[in-house]
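# Tertiary structure, described
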Amino acid sequence: KEIGTKPTRSVQRYPLGLLVQLPHGAGVTRDVSIGGVYFQTAQTYHVDSQIAFTLSFGAMEQASPIQVRCHARVVRVEPRNEQIGIAAVITSVVFF
């Protein structure tokens, strides 16, 4: 007898290593989706705190990177070796 499992994610995640510019430092994404992001940084945040950051798409290429300003709510904080893993739900996005 097969037991069906319900997917826990409502949107697809994309494994991308994007530069994350934070007010007091930087980080790198592990994955990004239309509704959220997971990144690692040296900074710690509290669950349910509101954060602002900028994602840089194409920062490693010679062309100018696409900058995306995001506001998000932290939903998970995890110690990761010498870094902190931050999972956040994106609440607004502005391209510039």
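Residues numbered from 1 in each chain as written. Predicted model: local features only at pLDDT ≥ 70, side-chain atom pairs only at ≥ 80, totals over all residues. Heavy atoms only, no water.

Broken down by element type, the protein chain carries zero helices and six strands. Counting from the amino terminus, helix and strand elements in the protein chain follow one another as β-β-β-β-β-β. Out of the 96 residues belonging to the protein chain, those deemed buried represent 33%. When contacts within the protein chain are restricted to residue pairs at least 6 apart in sequence, those whose partners lie at least 24 apart make up 41%. In the form shown here, the protein chain has an accessible surface area of approximately 6700 Å², with 56% of it arising from carbon and sulfur atoms. (Helix = DSSP H or I, 4+ residues; strand = E, 2+ residues; numbered from the N terminus. Buried < 20%, exposed > 50% of the residue type's maximum accessible area, 1.4 Å probe, protein only. Contact = heavy atoms within 4.5 Å. Areas by Shrake-Rupley, 256 points an atom, 1.4 Å probe, with all protein chains shown as cover.)

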